[in-house]
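Architecture and fold: a report
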Amino acid sequence: MKKTISFLVVVLALAACGGPSNRYATEPVQVTQTQRISFRAVEVREVSLPAYAAADEISVQTADGRLVSDGSVLWADTPDRAVALEISRNLTQITGARVASQPWPFEAFPDARLDVRFEKLVAQEDGRFRASGQYFVAVADGGRERSGLFDLTVPFDPMGGPAAIAVARAQIVLDLSSFIARDGLR
């Protein structure tokens, strides 16, 4: 309980520092590995987030499962759009393939379509950022379609407040992109 109160004090103090609201953007994480995949072009069709993760407010899950947020601590972009763009950028860098989020901007259709459905995408007060859910790869030419489950965590410093949460979200989206490239797009 003491950890929860300390964390919330830090979040609220940071929120009070910049006027009516503070917006936090994720910065791209450097991609260091590459992965060959079976497709030249992939469309990230849908990224489905739980209601709390799709909201503008940055939420933290307490030990008892409650989600706590502050209306003045916000994501800089709508989370579903931001995560879809991050996955697209990451997959492009990891695979070298032509990857774009929906709507598909090219004349030639993609070889595969990727849907990512998050069950959880949340910072936990104990310093873990967790992402779990399922991905689906639909293949246009009748090839082998794929799906898989994911459950990933990355550490962050809870005392770092929303900025640390933004860094952790960027890292977990990169880790998820690498996982999908390796297990779902090969």
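Residues numbered from 1 in each chain as written. Predicted model: local features only at pLDDT ≥ 70, side-chain atom pairs only at ≥ 80, totals over all residues. Heavy atoms only, no water.

Summing up its helical and strand segments, the protein has four helices and eight strands in all. Reading the protein from its N end, one meets helices and strands in the order α-β-β-α-β-β-α-β-β-β-β-α. For the protein, buried positions account for 51% of its 186 residues. Here the analysis covers contacts within the protein between residues at least 6 apart in sequence; of these, 68% occur between residues at least 24 apart. Total accessible area on the protein stands at roughly 9,400 Å², and carbon and sulfur atoms take up 51% of it. (Helix = DSSP H or I, 4+ residues; strand = E, 2+ residues; numbered from the N terminus. Buried < 20%, exposed > 50% of the residue type's maximum accessible area, 1.4 Å probe, protein only. Contact = heavy atoms within 4.5 Å. Areas by Shrake-Rupley, 256 points an atom, 1.4 Å probe, with all protein chains shown as cover.)

Okay, the packing of helix α3 (residues 79-95) against helix α4 (residues 161-183) next. The N-to-C vectors of α3 and α4 enclose an angle of 50 degrees; their axes lie 9 Å apart at closest approach. Overall, the two elements α3 and α4 adopt an arrangement that is oblique. In terms of crossing hand, the pair formed by α3 and α4 is right-handed. On the side of α3, the interface is formed by Pro-79, Ala-82, Val-83, Glu-86, Ile-87, Asn-90, Leu-91, Ile-94 and Thr-95, while α4 contributes Arg-169, Ala-170, Val-173, Leu-174, Ser-177, Ser-178 and Ala-181. Class assignment for the residues of the contact of α3 with α4 results in 10 nonpolar, four polar and two charged. (Axes fitted to C-alpha atoms, helices over the stretch in contact; angles between N-to-C directions. Parallel < 35°, antiparallel > 145°, perpendicular 65-115°, else oblique. Left-handed = near helix turned anticlockwise from the far one by under 90°. Nonpolar A, V, L, I, M, F, W, Y, C, P; charged D, E, K, R; others polar.)

This part covers the pairing of strand β7 (residues 128-139). Bridge analysis of strand β6 (residues 112-124) against β7 gives 12 bridges, and the strand direction is antiparallel. Residue Lys-120 lies in a different strand from β7, and its bridge partner there is Ser-132. Between β6 and β7, which follow one another and run antiparallel, lie three residues, and Gly-127 among them has a positive phi close to 90 degrees. Strand direction decides the pairing type here: β7 and strand β8 (residues 146-155), joined by 10 bridges, are antiparallel. Bridge pairing in β8 links Ser-132 to Asp-151. Where β7 hands over to β8, the hairpin turn is made up of six residues, of which Gly-142 adopts a positive phi near 85 degrees. (Pairing = 2+ DSSP bridges.)

This part takes up the environment of Gln-171. With respect to the helices, strands and loops of the structure, Gln-171 is situated in helix α4. Measuring from C-alpha to C-alpha, the distance between Gln-171 and Pro-155 comes to 9.5 Å, with 16 residues separating the pair along the chain. Excluding anything up to four places from it in sequence, Gln-171 contacts Val-29 and Val-154.

Turning next to the side chain of Ser-177. Mapped onto the elements, Ser-177 comes out in helix α4. Since its relative accessible area comes to 0%, Ser-177 is described here as buried. Side-chain polar atoms of Ser-177 contact the backbone oxygen of Val-173, separated by 2.8 Å. When sequence neighbours within four positions are dropped, the list of residues in contact with Ser-177 reads Ile-87, Asn-90, Leu-91 and Ile-94. (Polar contact = N/O pair within 3.5 Å; in protein donor to acceptor, adjacent residues only side chain to side chain.)

This paragraph deals with the pattern of salt bridges. In the structure shown here, the tally under the stated rule is nine salt bridges. Asp-126 is the partner of Arg-128 in a salt bridge, and the nearest nitrogen-oxygen pair spans 2.9 Å. Judged by relative accessible area, which is 38%, Arg-128 ranks as partly exposed. With relative accessibility at 40%, the residue Asp-126 sits in the partly exposed group. (Salt bridge = Lys/Arg side-chain N within 4 Å of Asp/Glu carboxyl O.)

Right, let's talk about the nonpolar core for a bit. One finds Ile-87, Leu-114, Val-116, Phe-118, Leu-121 and Phe-129 to be the most contacted residues of the largest nonpolar core, which totals 47 residues. A per-element tally of this core places α4 first, with 11 residues. Every residue in contact with Leu-121, bar those within four places of it in the chain, is listed here: Leu-49, Pro-50, Tyr-52, Ala-53, Val-83, Phe-129, Arg-130, Ala-131, Arg-169 and Ile-172. (Core = buried A, V, L, I, M, F, W, Y, C linked by side-chain atoms within 4.5 Å.)

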